[in-house]
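Residues per chain are reported as follows:
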Amino acid sequence: MKAGFIAVVGRPNVGKSTLMNKMVNEKVAIVSDKAGTTRDSIKGILNYGENQYIFIDTPGIHKPKHLLGEHMTNVAINTLKEVEVIVFVLDGTQEISTGDQFVNEKIQEATSTPKVIVINKMDLLSDEELEAKMAEIKEKLGEFDAVVTMSAQYSMGIPRLLDALEPFLEEGVKYYPDDMYTDMPMYKAITEIVREKILLKTRDEIPHSVAVEIVNVERRENGKDRYDINIYVERDSQKGIIIGNKGKMLKEVGSESRKEIEELLDKKIYLNLWVKVKEKWRKKKPFLKEMGYYIED
Ligand SMILES: Nc1nc2c(ncn2[C@@H]2O[C@H](COP(=O)(O)OP(=O)(O)O)[C@@H](O)[C@H]2O)c(=O)[nH]1
Ligand SMILES: [Mg+2]
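Because the structure is a prediction, the values reported are computed rather than measured.

A. Structural detail: the packing of helix α8 (residues 236-243) against helix α9 (residues 248-265). Closest axis-to-axis distance for the α8/α9 pair is 5 Å, and the angle between their directions is 65 degrees. Counted together, Ile241, Ile242 and Ile243 of α8 and Lys248, Met249 and Leu250 of α9 form the full contact between these two elements. Among the residues making up the contact of α8 with α9, the classes are represented as five nonpolar, no polar and one charged.

Here's what the structure looks like:
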């Protein structure tokens, strides 16, 4: 019996959350094509044979531009200190960038922690391109304890990654019960579902400007529970976009979210969504704290 914590890090959009979800075979983290989708570190737990792998999905590491970004990069970097092994994810379709090198600098600071590199999105790469990527890694990033090629999206390379991580797990421990696949609280899972539906339907600044909060839950003995959820944006124009023409967008977000929340809770609910403007909330400490985003160092 072995177990261990595994930090999944990389720059935004390389496929970290997809990878963690596929490793644990559950939808734990939300995924979209927008950088900055993951704002907190989220654990996904896999029991495999006798062993327990605890993956920690993290926000993308990048040079922060506002308090929320600072929180996100801090969350990722702090995670590095508490793990048995680091998985550094690269998007194999893109040249190794200064963004990847910035991540590499941060993980190299955890000198004694083993590091495995994942070349993700191999579904889009030829064998020659993979070979070239290996050489580019050696040249630009240095040596790693293992290099694994994967397609998280198409579940290719999962056993390879599990095998590569196994030597770094700790003997004789287990941290979570067998039926637990995440430590994310239910209220967080619910707000993340709503945020994902919005991210999938919007673009430009809007995905980054959205925060979601449950403001009231009414339990009803003989009927559906009622959830009131606030969606915060930074400007009136963004509010208009999320509500949509005659409320169409908000209605879609509502019905898609409700279905997924009902699956999660295994019961029917009423879902009421309200869109509110909170100017520049990403720069305001008290609001970030209220939303659970801000951490003191
Ligand atoms: N083609 C391809 N796309 C992927 C793969 N893994 C992730 N993606 C896509 O890349 C985007 C970013 O994924 P996400 O997991 O949110 O990245 P994160 O920001 O690193 O957590 C999404 O649109 C995913 O569907 C992969 O193996 N192949
Ligand atoms: Mg993510």
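B. Quick look at the coordination of the magnesium ion (ligand 2). Surrounding the magnesium ion (ligand 2) are the protein donor atoms Ser17 (OG) and Thr38 (OG1), at 2.0 to 2.2 Å. Of this pair, Ser17 sits in helix α1 (residues 16-24) while Thr38 sits in the loop between α1 and β2 (42-48), placing them 21 residues apart in sequence. Both residues of the pair, Ser17 and Thr38, count as buried.

C. Spatial organisation of the nonpolar core. Leu19, Phe55, Leu161 and Leu165 are the most contacted members of the largest nonpolar core, which has 30 residues in total. Of all the secondary-structure elements, those providing two or more residues to this core are β1 (2-9), α1, β2, β3 (51-57), β4 (85-91), β5 (115-120), β6 (146-149) and α5 (158-165). A per-element tally of this core places α5 first, with five residues. Ignoring any residue separated from it by four or fewer positions in sequence, one finds Leu19 in contact with Val8, Val89, Val118, Met150, Ala152 and Leu161. Grouped together as the second largest cluster of nonpolar side chains are 28 residues, Leu80, Ile86, Leu90 and Val103 included.

D. The arrangement of α5 in detail. Among the residues making up α5, those that are buried are Ile158, Leu161, Leu162, Ala164 and Leu165. One face of α5 carries all of its buried residues, which in axial projection span an arc of 165 degrees.

E. A look at the environment of Tyr176. By the element assignment, Tyr176 lies in the loop between β7 (170-171) and α6 (186-201). Setting aside residues up to four positions removed in sequence, Tyr176 forms contacts with Phe5, Lys43, Ile45, Gln52 and Ile54.

F. How the structure looks around the pattern of salt bridges. Summed over the entire model, instances satisfying the criterion amount to 27 salt bridges. Between Asp225 and Lys267 there is a salt bridge, with its nearest N and O atoms 3.2 Å apart. Here Asp225, found in strand β9 (residues 225-233), pairs with Lys267, found in the loop between α9 and β10 (269-277); they are 42 residues apart in sequence, far enough to count as distant. Take Asp225: its relative accessible area is 6%, and that puts it in the buried class. Given a relative accessible area of 40%, Lys267 falls into the partly exposed group. A single salt-bridge network, built from bridges that share partners, covers Lys27, Glu196, Lys197 and Glu260.

G. Fine view of the packing of α1 against α5. For the pair α1 and α5, the least separation of the axes is 11 Å and the interaxial angle reads 90 degrees. By the angle between their axes, α1 is roughly perpendicular relative to α5. Contact with α1, carried on its side by Leu19, Lys22 and Met23, involves Ile158, Leu161 and Leu162 of α5 and no other residues of that element. Among the residues forming the contact of α1 with α5, the class breakdown is five nonpolar, no polar and one charged.

H. Structural detail: the environment of Ile42. Within the secondary structure, Ile42 is located in strand β2. C-alpha of Ile42 to C-alpha of Ala29: the two residues are 13 residues apart in sequence and 7.0 Å apart in space. Once you skip the residues sitting within four places of it in the chain, Ile42 turns out to touch Met20, Val28, Ala29, Phe55, Ile56, Asp57, Thr182 and Met184.

I. Spatial organisation of α9. Between the first and last C-alpha of α9 there are 26 Å, a value that for 18 residues agrees with the 26 Å anticipated at 1.5 Å per step. Among all positions of α9, only Met249, Leu250, Val253, Gly254, Ser257, Ile261, Glu262 and Leu265 are buried. Elements that come into contact with the buried residues of α9 comprise α6, β9, α8 and β10. Downstream of α9 by a residue or two, Asp266 has a phi angle that is positive, lying close to 60 degrees.

J. The site of ligand 1, seen in detail. Around ligand 1 sit 17 residues in total, of which Asn13, Lys16, Thr18, Asp123 and Gln153 are the nearest. The separation between an oxygen atom of ligand 1 and a polar side-chain atom of Gln153 is 2.7 Å. Protein contact buries 87% of the 590 Å² of open area that ligand 1 shows by itself. With three residues, α1 is the largest single contributor of residues to the shell around ligand 1. Among the residues making up the shell around ligand 1, the classes are represented as five nonpolar, eight polar and four charged.

K. How the structure looks around the packing of aromatic side chains. Across all of its chains, the model carries seven aromatic pairs by this definition. Aromatic pair Tyr53 and Phe55: ring centres 6.2 Å apart, planes at 5 degrees, arrangement stacked. We note that Tyr53, like Phe55, is buried. Seen from their ring centres, Phe88 and Phe144 are 6.2 Å apart, and the 50 degrees between their planes marks the pair as tilted. On the criterion of sequence distance, the pair formed by Phe88 in strand β4 and Phe144 in the loop between α4 (127-140) and β6 is long-range, its members being 56 residues apart. According to the relative accessible area criterion, Phe144 is buried, its value standing at 12%. By the ring-pair criterion, three or more aromatic residues cluster together here, those being Tyr232, Trp281, Phe287 and Tyr293. The ring of Tyr270 has Lys224 sitting right over it, with the charged end atom 4.9 Å from the ring centre.

Criteria and cut-off values
- Residues numbered from 1 in each chain as written.
- Chains lettered and ligands numbered in written order.
- Predicted model: local features only at pLDDT ≥ 70, side-chain atom pairs only at ≥ 80, totals over all residues.
- Heavy atoms only, no water.
- Axes fitted to C-alpha atoms, helices over the stretch in contact; angles between N-to-C directions.
- Helix = DSSP H or I, 4+ residues; strand = E, 2+ residues; numbered from the N terminus.
- Contact = heavy atoms within 4.5 Å.
- Nonpolar A, V, L, I, M, F, W, Y, C, P; charged D, E, K, R; others polar.
- Donors = N, O, S within 2.8 Å, 3.2 Å for Na, K, Ca; no water.
- Buried < 20%, exposed > 50% of the residue type's maximum accessible area, 1.4 Å probe, protein only.
- Core = buried A, V, L, I, M, F, W, Y, C linked by side-chain atoms within 4.5 Å.
- Arc of directions from axis to C-beta.
- Salt bridge = Lys/Arg side-chain N within 4 Å of Asp/Glu carboxyl O.
- Parallel < 35°, antiparallel > 145°, perpendicular 65-115°, else oblique.
- Expected span 1.5 Å × (residues − 1).
- Near = heavy atom within 4 Å.
- Polar contact = N/O pair within 3.5 Å; in protein donor to acceptor, adjacent residues only side chain to side chain.
- Areas by Shrake-Rupley, 256 points an atom, 1.4 Å probe, with all protein chains shown as cover.
- Phe/Tyr/Trp six-rings, centres within 6.5 Å; stacked < 30°, edge-to-face > 60°.
- Lys NZ or Arg CZ within 6 Å of the ring centre and 35° of its normal.

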